[in-house]
Amino acid sequence: VSMASGQQADPAYNYDEASVGAYTLPDPLLTSKGKRVTNVADWERRRAELIQLFAENVYGKTPQQNVKLRFQTVQTTDNALNGLAIRKQVSIFFVDYPQLPPIDVLVYIPKAANKPVPVFLGLNFCGNHCVTTEADIPLSTRWMGDGPGDVSQNNKATQKARGMQARRWPIETILKRGYAVATAYYGDIEPDHPQGWRSGIRSVLGDTSRADNWGAIGAWAWGMSRIADYLATEPALDAQRINSIGHSRIGKAAIWAGAQDKRFVAVIANEAGEGGSALARRWYGETVERINTSFPHWFCDRYKTFSKRVADLPVDQHELLALVAPRPLYVASAEEDQWSDPKGEFLGAAQTEPVYRLYGKIGLGTTTFPAVNQPVGHTVRYHMRSGKHDVTDYDWAQYLRFADALVR
Ligand code: GCU
């Protein structure tokens, strides 16, 4: 059977480099009217156009309403982690929507700091009680996916979930380097299942009848901005230095948050894969069709119309990454995480170069796919570490180095 390039027998996913086929990427510096972008002012207009195109075709439109928030401190201790940290738990309530549950934010601030500190803000997969072994963090009572091991039972967190993902959150290491950590359960914003929107922010904002109504990724990204609203009120934190970080589906949200909200000083996308940092047109690993089938609630409905005609998408993911420019951007892959398409993630990062150059910055500065465990780049950085789909100490070592160099 002969097949057109980019097509294969099982279109849902592909692990065969030879079947990737040819593709042509849209040019970030060419407007939809065919005008060439040659300077920063032109790019700022093109940037707005691209945000609109991603909203209309991929993630759905983020409602622009001002939502009244109330920040309620639930608990504070200045003796967390054996005296290393001030720890705060703050609930973000939606004043005009009392039916919505709050976003419960957990913040660790290094006690040793003598001035406001930069922050890593990232949502977590299984509740704040998962990211730390500290036993006095209340167990999340929200809907929980049936995760690995005993993380939840009947969609509720179990005691066994405590610290389950602490390995992915080396909080003490981060604090000792002079950064704060802020996190919240992504399910506080919207539970991650097709009906989850009914109990989250999308039940009150947006328009479900529209093909460009926002999806769950859009909601999680919006939630990150609301957490940034709160963080900006904390005198111990440097509101100009909030890094948006996320892994996998939460990494997709971290990029979209950083793309729309320039308050995020940098974006770190850990194995964000399809619909995140990996090129959609590169037919490798997960595909647009597959992600739309497995996770119909993540993107807007119009995105589904591109499942079998990815080449017709007016954008590709390198343009999403380019929306972070001129701010620092880190794209990371893992060698055994072929599902996320490491090469497609590398190319996504590399293709932001012309936009960074407009600002007189070097982005990745290379088009050569690096060897495993060989970080590369300048304002844009990339690595493919050895191992599986995960967040490891190796990843954090690179992110801390990156932040030390570019976000201080
Ligand atoms: C699935 C999904 C990916 C996603 C990942 C994750 O594998 O297909 O797109 O990134 O879950 O969130 O871990």
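Here goes a summary of the coordinates provided.

**Concerning the overall build of the protein**
Now for step 1: Within the protein one finds eleven helices and 14 strands.
Now for step 2: Taking 2.2 N^0.38 as the reference for a compact globule, 408 residues should give roughly 22 Å; the C-alpha atoms of the protein span a radius of gyration of 20 Å, in line with that estimate.
Now for step 3: Expressed along its principal axes, the backbone C-alpha trace of the protein runs to roughly 65 × 45 × 40 Å.
Now for step 4: Out of the 408 residues in the protein, the part that is buried amounts to 58%.
Now for step 5: Within the structure as shown, the protein displays about 16200 Å² of accessible surface, and the carbon and sulfur contribution to it stands at 51%.

**Things to note about the nonpolar core**
Now for step 1: Of all hydrophobic cores here, the largest spans 95 residues; its most connected members are Leu-123, Trp-220, Ile-227, Leu-231 and Trp-256.
Now for step 2: The residues touching Trp-220, leaving out its near neighbours within four places in the chain, are Leu-123, Tyr-186, Ile-189, Glu-190, Asp-192, Ala-253 and Trp-298.
Now for step 3: Core analysis: the next-biggest nonpolar cluster, separate from the first, contains 27 residues, Ala-80, Ala-85, Val-265 and Ala-266 among them.

**Digging into helix H1 (residues 40–59)**
In an α-helix, one turn spans 3.6 residues; hence positions three or four apart end up facing the same way.
Now for step 1: Within the span of H1, buried status applies to Asp-42, Trp-43, Arg-46, Arg-47, Leu-50, Ile-51, Leu-53, Phe-54, Ala-55, Asn-57, Val-58 and Tyr-59.
Now for step 2: Summarising the contacts, the buried residues of H1 are in contact with helix H4 (216–231), helix H5 (248–260), helix H7 (301–304), helix H8 (317–322) and helix H10 (353–358).
Now for step 3: Where H1 begins, the capping side chain belongs to Asn-39, and its oxygen is found 3.2 Å from the backbone nitrogen of Ala-41.
Now for step 4: Remark: Gly-60 follows H1 within two positions and exhibits a positive phi of approximately 85 degrees.

**Looking at the pattern of salt bridges**
Now for step 1: What the rule picks out here adds up to 32 salt bridges.
Now for step 2: Lys-61 serves as the salt-bridge partner of Asp-212, at 3.3 Å between the closest nitrogen and oxygen. Of this pair, Asp-212 sits in the loop between strand S8 (180–185) and H4 while Lys-61 sits in the loop between H1 and strand S2 (69–80), and the two are 151 residues apart along the sequence.
Now for step 3: The buried category is assigned to Asp-212, whose relative accessible area is 5%.
Now for step 4: Between Asp-188 and Arg-142 there is a salt bridge, with the nearest N and O atoms lying 2.9 Å from each other.

Quick notes on the rules
Residue numbers run consecutively from 1 along every chain, following the written order of its sequence. Residues qualify for local features only when their pLDDT is at least 70, as the model is predicted, and side-chain atom pairs are given and counted only at 80 or more; totals for whole chains, interfaces and linings, by contrast, use all residues. Computation of side-chain values covers all heavy atoms of the structure but excludes hydrogens and water. Labels follow the DSSP assignment, with helices taken as runs of H or I lasting at least four residues and strands as runs of E lasting at least two, numbered in each case from the N terminus. All radius of gyration figures rest on C-alpha atoms, and the globule criterion is 2.2 Å times the number of residues raised to 0.38. Relative accessibility decides the category of a residue: with a 1.4 Å probe and only protein chains considered, values under 20% of the type maximum give buried, values over 50% give exposed, and everything between is partly exposed. To measure how exposed things are, a 1.4 Å probe is used in the Shrake-Rupley method; for residues, cover is taken only from the protein chains shown. Residues grouped as a nonpolar core are buried Ala, Val, Leu, Ile, Met, Phe, Trp, Tyr and Cys residues, joined through side-chain atoms within 4.5 Å. Every residue pair with non-hydrogen atoms within 4.5 Å of one another is taken to be in contact. Here a polar contact is taken to be a pair of N or O atoms separated by no more than 3.5 Å, where protein atoms must pair a possible hydrogen donor with a possible acceptor and residues adjacent in sequence count only if both atoms sit in side chains. In the sections that follow, a salt bridge refers to a side-chain nitrogen of Lys or Arg positioned within 4 Å of a carboxyl oxygen of Asp or Glu.

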